[in-house]
Structures are given as C-alpha cells and as structure tokens.
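# Structural characterization, general
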Amino acid sequence: MLANSRRCINLMECFVNPHIDPDDIPTNHSANEHFQAVVNRAVSRRGFLIKTGTSAATVAFLSSGLSACATGDAPAQGPLLGFSAVASYTEDGLSIAPGYTATPFVPWGTPLFSSGAGSTWSGNGSEDAAAQLRQVGDNHDGIHFFPIDGKANDEGVLVMNHEYSTTNGGNYTFLFGATPAPANTPDRVNKAINAWGCSVIHIKRTAGQWAVVLDSTYNRRITSATPMLLTGPAAGHAKLQTSADPTGTVVLGTINNCGNGYTPWGTYLTCEENWNNNFGTTVDPSVDGRTDSQKRYGLSAGATGYGWEVVHSRFDYKKEPNESNRFGWIVEIDPFDPTSTPKKRTALGRIKHENAAYAIAADGRVVVYTGDDQVNDYIYKFVSNGKYIAGNLLNNRNLLDSGTLYVAKFNDGAATGDFMGTGEWLPLTTRNPALSGFASLADILIDTRLAADALGATKMDRPEWVTVHPQTNEVYVTLTNNSGRTTTDDANPRTANRYGQIIRWREAGKDAAALTFEWDLFVLAGNPTIAQANALNNGSANVNANNTFNSPDGLGFDASGRLWIQTDGNYSNVGNFANQGNNQMLAADPITKEIRRFFVGPKECEVTGLTFTPDQKTMFVNVQHPGEGGNSHWPDGGTALPRSATVIITKNDGGVIGT
Ligand code: FEO
Ligand code: CA
Ligand code: CA
Ligand code: CA
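Below is a summary of the structure that appears in this document. (Residues numbered from 1 in each chain as written. Chains lettered and ligands numbered in written order. Predicted model: local features only at pLDDT ≥ 70, side-chain atom pairs only at ≥ 80, totals over all residues. Heavy atoms only, no water.)

Glancing now at the coordination of the calcium ion (ligand 4). For the calcium ion (ligand 4), every protein donor is listed as D568 (OD), D568 (OD), E606 (OE) and H625 (NE2), and the spread of their distances is 2.3 to 2.8 Å. Coordination of the calcium ion (ligand 4) draws on donor residues from a single chain, spaced D-x37-E-x18-H in sequence. With D568 in the loop between β31 (563-567) and β32 (584-588) and H625 in the loop between β35 (618-624) and β36 (645-651), the pair connects residues that are 57 residues apart, well separated along the chain. In this structure D568 comes out as partly exposed when scored by relative accessible area, which is 26%. (Donors = N, O, S within 2.8 Å, 3.2 Å for Na, K, Ca; no water. Helix = DSSP H or I, 4+ residues; strand = E, 2+ residues; numbered from the N terminus. Buried < 20%, exposed > 50% of the residue type's maximum accessible area, 1.4 Å probe, protein only.)

To continue, consider the coordination of the calcium ion (ligand 2). Where a metal carries four tetrahedral donors, each ideal angle is 109.5 degrees; where it carries six octahedral donors, the ideal angles are 90 or 180 degrees. Surrounding the calcium ion (ligand 2) are the protein donor atoms D412 (O), A415 (O), D418 (OD), M420 (O) and D490 (OD), which sit 2.1 to 2.2 Å from the metal. Positions of the donor residues of the calcium ion (ligand 2) along the chain correspond to the pattern D-x2-A-x2-D-x1-M-x69-D. Here M420, found in strand β24 (residues 420-427), pairs with D490, found in the loop between β27 (475-479) and β28 (501-507); they are 70 residues apart in sequence, far enough to count as distant. Each member of the pair, M420 as well as D490, is classed as buried.

Turning our eyes to something else, we now look at the layout of surface pockets. Reported here for the largest pocket is a volume of approximately 870 Å³. Taken together, 37 residues make up the lining of the largest pocket; nearest its centre are H144, Y262, Y358, F557 and T611. For the lining of the largest pocket, the leading source of residues is strand β19 (residues 353-360), giving 6 residues. Considered as a void within the structure, the second largest pocket measures approximately 470 Å³ in volume. (1 Å grid on protein atoms, 1.4 Å probe; cavity = no way out; pocket = protein on both sides within 12 Å on 5 of 7 lines; lining within 4 Å. Points joined across faces, edges and corners; volume = space filled by probe spheres on them.)

With that out of the way, let us pick up the sheet that holds strand β3 (residues 95-96). Spatial ordering of the open sheet is given by β3-β33-β32-β31-β30, a layout of 5 strands whose pairing is antiparallel. Single-partner strands in this sheet number two, and they are β3 and β30 (552-557). As paired strands, β31 and β32 are joined by 4 bridges and run antiparallel to one another. In the sheet register, Q566 faces β32, and the bridge partner there is M585. (Pairing = 2+ DSSP bridges.)

Right, dumping it as structure tokens:
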C-alpha cells in the first residue's frame, strides 16, 4: 500500500492512492475530483485479478499504475505497444512481429581480424585456441551498443558477454564439433578459456547492412585469461592473494559473464555469474575439502564439467584456495580503449552476479542494482560515496570503488496476500552490529552472501536481471523460478514456483539512494491454458493464452519506457508449459501492465541481452545456446551445428522498435 501520510500531487496520484482520508485531499484539485479519481481506481482494479481458470475471478492483485504515481505527472498519452503480437512458436528459426525483420549477426566464431582467425568458423572439430582468440566468443549473453560520436545510429562498438560453452555430461557439446570430447585436454580447455569472456566489436551499417569492421583497433577479445585488476575495498586482501599473485590485485580473466550493465560515463559492466562451476579439484576428489564459504557459493567438491582444474591448477580449490575469491565480481571495461585493463570492482560485492543497472541518486551519487542468481538468494544495491559529474571522466572513472553495499528486505506490508508491501535496504558495513563477526569491509565484500545471510535479507526466487525505468527510476527485477520454494511471502508467493514473476519497487522520495521503498509484483507469469491446481499458476491478469511464458530472465527498458522481457525457461511446450513454445521476448507497458509477445527464438535457445542504437530503431538481442539439447541447426541451417548469435531487429518502415 502506498503511504497515507502525504498528499497527492495530482489526479493520477489520487487514482493510484488507495486513501480517501480528507486530510490527504490535494490542494491543487477539489475533493470531488479526488473522490472521482479514487472511484476510477477502484473500477480499474477489476483489471488486476488473479484468474482461477481461464476467466478472471475475485482476488485483488497489484496496485494500479505504480509507475504513473512515481512520475508525479500523468503518464504519456498514446499506446506504448504498437505492434501485433506473435503466436507461440516451436520451429527452428526466428518469429518476429509483423512489419519487423530479425537477422542473425556475429555468431560464435565470426572473425574480428583478417588474419589468424581462420577463414571460416573454427567450431567444427577445431581445438585452435589462438584462432578463437581472434573470433567472436561462445554463448552470447549481455550486450551493449556504444555509439561512435557523430555516427551514432550507424556505427559503434558492440560489447557482449560470452557466458559459457554448452556441455553435456561433462563434455563440451559443440565447441569441438559434433562428437562429444573429453573436457580436460590443454588445447580444449584453452580454447574454451578463449571462447568465454567478452567481445568488443566495431560494427558499421552501410546501405542498410550491419557488418563487422575487420581489423578495427577497437576490436578486442577479453577472455578468461585476460589480465585484470581487483580494485576497491577488498583489493589486496589476504583472501585474494595467490601463489601467482601475492599482491591480491591482478587476476587472469573473467568467467561466466552473464548479464551486463553500462555506466553514464561510457563503460561496460560485465557480471560474473556461475563462476563456481569452474572450480573443483583433482586432489582426492572424493574428499570434500571446501570451506563453508566455498560451499555457500557452490564450488564443486570434486571434478567439474569444464575440466579447467585439470589443466590449470589455479582452478583447483585444494591447490589454490583463494583463486575462486577473485571471481564473482562486476568488471568494468572501457570499450573504446583496447589497451585498458578491466577492473573488478570489489565494492559491489561478490555474488553470482546476473547483471547491473544504474540510477543516479537525488544528490548525484551513483546507485548500482544487482541480483544474485541462486534460489533463495538476494537483491543488492551499491551507493557510491562520490557523485557523478556528467562529462568529467576523471571524477567518474573510479566511482565504483567506494561506497556502501546494501541487501534488500521485502516486507509484506500492511496486508499479507496482496502481492505488495514495503522494503528496506540493510547495510553491509562494519558499523552494522549484525556483522560484528566480520573483521573488515573487505571480509564482508568477499563473503557477501554470508554477510547478507546474517542480516536476514529476503530469500528471493532466483533474482535475474534488474532494470531501471528511464523516467521514473522505478526498479524492476525478474525472479525467474524456484522449484524448491516451500515457504512463501508476498514477494515470492508460490511454492514450487515454476513460472517466475517480476517485482518492482519505488524508492522513498523517488531517490535511488533511499533506505526504504514500496514494492509490488508487476506480473506473476503462469499458464492459463491448462488446468492448474494452484490458481496462482494461471498467472496474474496480464497473462493470457496469447502471451503465456515462463522464467523471465533478461529485462530492460528502452528509452520510451517499454519494458522488454526475455525468457530462459522450459521450452518443452507440453504439460505445465504447453502453448508457451520456444524462449521468447515480450514487451510490456509499465502503466497498463499489458504484455505482448514480440519475438521468439529457435529451438532450445534462451533469448537474452538487449540494446538499441540511440534512435531506438535498431535493436540487438542475443540468442544463446540454440539446440542445447541437440535439436537445432540455427542459424546456419542444413546439418550445421547450432551456434549462439546476436539478432538485429529493425522495423520495416524504419520506425522505432516496439511502435
Ligand atoms: Fe546467466 Fe541467471 O542467467
Ligand atoms: Ca502485502
Ligand atoms: Ca540470464
Ligand atoms: Ca540458459
């Protein structure tokens, strides 16, 4: 519920506020106007119901128009969603809304340089790590387009993450061709190391066609062996020191780069997610030698599927116990300086980072929201000590090195069962008495999860991407699913949550640095096309037979405030997931909460990562792990092995995407 203790600013505020307390009637319009707005709101709320079958029933859901309220102004007129929805799709291609074109681009193995990259994709059987180093990497994920000044919509640097390589039963599925190969030969591991990380790709549009600018000085591969610096409060700490790096400040590589972020000063943020999967041991692998911290972060007790610990002892936790502490960070990259050293910003905490989304606080400090993608893990925000100054790179470039990290607690609020409530940000600092067991801020940051456990933060249904509304600063987070949930709260209201939900909040005073907030659920994903024992599994009222989906993951606003929702879920199209088809991308109107399916990817893929040219007329999204179960030949077709790729989306009339 919104607080009753303040006056409405305008009629839209009356509309969204549940109160009718005469003391709260605004001064800038009459009591009658206020009353009518409240009545209108009550009528509108009939649209926000939980369905018990395929028709709406009686359970009130979601406050209406949270976004509009936070603007302080009436919402912009005109529909945000101008396209016709596409049906669910199960074929091995791309399905896009009528009037739009979707074109594969820069698939894994695309040369970035004219020499040394191989004349063709080196995936089929090749173990050539050197060639891979000069090509686009594997399993595309987070992505951002940085325009080149003066050529903003036609030329820029496309930076993307390469999260991992698909494996099956401990063998790489595609990295060395169709025949499953043991993971642990040096050539194979070193190719994998070079297939992961990030690509920085200079691209240019000529006569309507985007192409890589081969041999551009901007082109760069950042891999799981690229030297980078640990910076911020934990840099140099004893727990970050290794035999190869007694300074505790220089790390080789970044791994499991999932979602991304970017900063207003023009840098890219890559987020280390499932890095734990790369740490195991060859030393008495039947003996679990992990510390409590290593268990909490999920390192393998014995062998890993990727086999890196066999070839490089730094990935063996029994041989190099601190190496894993040097992963799980957010890494800042200057996309326009290929000689720059990426920086692991320890002030933002060490978790399984999904992505990062920034907002600027009322006083100019930088806020970065992040989620920890694990069942029953947490949502965080970092608030910098320094203030952002537009155009002042010297001021801005190390803002992410000092500040305060907080973890979120979502309270049910005045009522339970209404899928809304209040929240608070709990500080992860040495001044917090609940963290007296930690010797220093560095200790807290290195074991962020353990510190957050000690504070009693709210255990969420796998936090995935965070995004901030470009006008209202409201924050939206995908909670993808949690099959193991046994106890519920208003924010995570379903046991055995198989469909996921999107939660959103508005910081107190609309200030990103605030320590309290109000939240509600934007959507409960579900499937209303089948019989559901639990009515909540039909989804909220903005889910219907035409847009049903599961496992929201990628998430981002465009400049107009359209919310783009991408899925990485069950694509079986049967049983609980009947009629949902392949993984997909939908667009939502944050005011009306309408959701429409815009795009569907090929078989067994996930759709992830999104970015636009500044004019919002070219959209780049990524299709990751097509055919992970062996049933796709996208994008090359025929009998080719599948490979991850970017997809360029344009509107055939040259218009803004989504209109
Ligand atoms: Fe890499 Fe949580 O997705
Ligand atoms: Ca509640
Ligand atoms: Ca993801
Ligand atoms: Ca996936």
